[in-house]
Amino acid sequence: MNIYTEFVIWGVKIEDRDKPKYLQESLLQTHHLGETITNKAVAERIALLCESKGYTKVRIQSIPFYKGCESDLAKQFTGGK
């Protein structure tokens, strides 16, 4: 089976800093140029751009997928059935 990785960028937006800590983190970006982010260097560059915009606690999450089994793995990863 072929495995590939998608990257997701998370962080705290400027307008969310006053919220309780458990509500601060937001999904910042999942796509670049209309495609899911599958290149780590691109994900790192986007994270740096987010930080330069004033977002804090920016992190990159990598999610592995098996080609052809994306929905099954996504459900397992998110706890769905």
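Quick note: structure is the one above.
In what follows, the accompanying structure is described. Here the residue numbering is sequential within each chain, running from 1 through the sequence in written order. For this predicted model, a pLDDT threshold of at least 70 governs which residues receive local features, and a threshold of 80 or more governs which side-chain atom pairs are given and counted, while totals over whole chains, interfaces and linings are taken from all residues. In computing side-chain properties, one takes all heavy atoms of the structure into account and sets aside hydrogens as well as water.

### Quick look at the pattern of salt bridges
Think of it this way: side chains of opposite charge can pair up when their charged atoms draw near.
Link 1 in the chain: Throughout this description, the term salt bridge denotes a Lys or Arg side-chain nitrogen within 4 Å of a carboxyl oxygen of Asp or Glu. The final tally for this structure, using the stated rule, is 2 salt bridges.
Link 2 in the chain: The closest approach of N and O atoms between Asp16 and Lys19, which form a salt bridge, is 3.2 Å.
Link 3 in the chain: We classify Asp16 as buried; its relative accessible area is 8%.
Link 4 in the chain: Three exposure classes are used, based on accessible area relative to the maximum for each residue type with a 1.4 Å probe and protein chains only: buried under 20%, partly exposed in between, and exposed over 50%. Classification of Lys19 as partly exposed rests on a relative accessible area of 38%.
Link 5 in the chain: A salt bridge links Arg59 to Glu25; its shortest N-O distance comes to 2.9 Å. Taken as a pair, Arg59 in strand 5 (residues 56-66) and Glu25 in strand 2 (residues 25-29) lie far apart in primary sequence, 34 residues in all.
Link 6 in the chain: With relative accessibility at 37%, the residue Glu25 sits in the partly exposed group. Strands here are runs of E lasting at least two residues and helices are runs of H or I lasting at least four, both read from the DSSP assignment and numbered beginning at the N terminus.

These values are about where atoms sit, not about what they do.
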